[in-house]
Amino acid sequence: MEYDEEEEKILKQVLSAFFLYRQYGHTLIQQKRKFMSQLSFDHKDLLLQDTDNNFLKHLSRLDDCVKQNSVVAEAIAKAGIPVFYPSFDVNNLPHVSNEMMQKVSSTLKQLTRDWSEESVDERQATYVPILQELDSLFPLDSNDRSQIHILVPGSGLGRLAFDIAAKGFSCQGNEFSYFMLLTSYYMLNCVSSTSEFAIHPYIHSFSNHVTRDHQAEKVAIPDVVPAEYLNHGAFFSMAAGDFLEVYGDKTSENRFHVVVTCFFIDTAKNVLSYLDVIKNCLVDGGYWINMGPLLYHFENDCASQHENPTIELTLDQLFYAMDSMGFNVLKHESTTTSYMGDKRSMLEWIYHPHFWVSRIQKANLQQFVA
Ligand SMILES: C[S@@+](CC[C@H](N)C(=O)[O-])C[C@H]1O[C@@H](n2cnc3c(N)ncnc32)[C@H](O)[C@@H]1O
């Protein structure tokens, strides 16, 4: 792969962040030890006398969990080097910001959503309606599914795109985050058995746990081995890059029969430009299937507002725009789900994402004016 200087710098930081995770994790736990040592004698004594919940022992257990997580983090980076950045020097890691390090922990947490038995309910609520819709639009007995080209922008850790390819469709995932790209590459190409490894997704937050055991909870990954399905004739690829840039020009015009977006369209600064690109890459009569909320990611990003102002449409504004652009809505419903939720936690964000199936009619339409 070829990168410009800025891109190369980001990739270097991301790979380094995976390698530095172990040190980062132990440092966070060491800080807790320090805070504990600063408590008053009475408070320390009180906590240490709770033999079922000895806090210092618990911190040692969390150190072991970090070690286990780091095995996965390092495996992801090591597998990615030959593919993404062969000249990367493991012995010369740059400084990596705290924000980048937190992304390693949240990527590990996201592994639970896409690749564990634990999150089957979340996938049932969000991915399964999409998969069922594809089954009913393109029944297996009357379609050569390998000729149906489906794009999944913002494909995250790749599970939805994989599930679509496993049904026999030609599927391309698209992602611009190297955390996601490296981890999905590892999951899709490098795991060879179910429950091959375990992660401890909740160790980096000390809040909202009912018990200490819960904080150290172990989640087995993966629940399915992608290579077993993808080697049997499914056409599956991942395209790295910004959705608007990769699919916005003439070369992507009419390339796909279906675009599937899941928890994605609200990542836009201007969702209308996503609609333009979805329309561009769909064939006339192609389908856009969406599942997700409108939690606009850039709404409160003051830095980005300066150079690139954002616009946050309501759902009814979005439907007006879709109608004007030639998207005919065939189905529209809403559902309820968590996202990277943790059922045992005392806090869980609940979304009411909307699900729709629309069909683009390109011919005889006036050009949409934004
Ligand atoms: C909220 S996550 C959803 C991931 C996955 N679809 C799911 O349902 O779990 C949104 C994803 O879109 C990716 N993303 C955001 N903006 C993008 C863009 N302009 N081009 C490609 N990917 C993008 C992010 O990196 C992130 O992985």
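So, how was this worked out
Residues numbered from 1 in each chain as written. Predicted model: local features only at pLDDT ≥ 70, side-chain atom pairs only at ≥ 80, totals over all residues. Heavy atoms only, no water. Helix = DSSP H or I, 4+ residues; strand = E, 2+ residues; numbered from the N terminus. Buried < 20%, exposed > 50% of the residue type's maximum accessible area, 1.4 Å probe, protein only. Polar contact = N/O pair within 3.5 Å; in protein donor to acceptor, adjacent residues only side chain to side chain. Salt bridge = Lys/Arg side-chain N within 4 Å of Asp/Glu carboxyl O. Pairing = 2+ DSSP bridges. Axes fitted to C-alpha atoms, helices over the stretch in contact; angles between N-to-C directions.

(A) Structural context of the environment of aspartate 144. Looking at the element boundaries, aspartate 144 is found in the loop between α6 (128–137) and β1 (149–153). Classification of aspartate 144 by relative accessible area gives partly exposed; the value is 48%. For the pair aspartate 144 and glycine 168, spaced 24 residues apart in sequence, the C-alpha to C-alpha distance is 8.3 Å. Only 2.7 Å separates the side chain of aspartate 144 from the side chain of serine 146, close enough to count as a polar contact.

(B) The arrangement of the pattern of salt bridges in detail. In total, this model carries 13 salt bridges according to the counting rule given. The salt bridge involving aspartate 135 is made with arginine 145; its shortest N-O contact spans 2.9 Å. On the criterion of sequence distance, the pair formed by aspartate 135 in helix α6 and arginine 145 in the loop between α6 and β1 is long-range, its members being ten residues apart. Residue aspartate 135 is classed as partly exposed on the basis of its relative accessible area, which comes to 27%.

(C) Here's a closer look at the sheet that holds strand β8 (residues 327–334). Taken in spatial order, the seven strands of this open sheet run β5-β2-β1-β6-β7-β9-β8, and their pairing is mixed. In the strand order of this sheet, the two ends are held by β5 (236–240) and β8, each with one partner. This sheet shows a mean twist of 15° between the axes of neighbouring strands, independent of strand direction.

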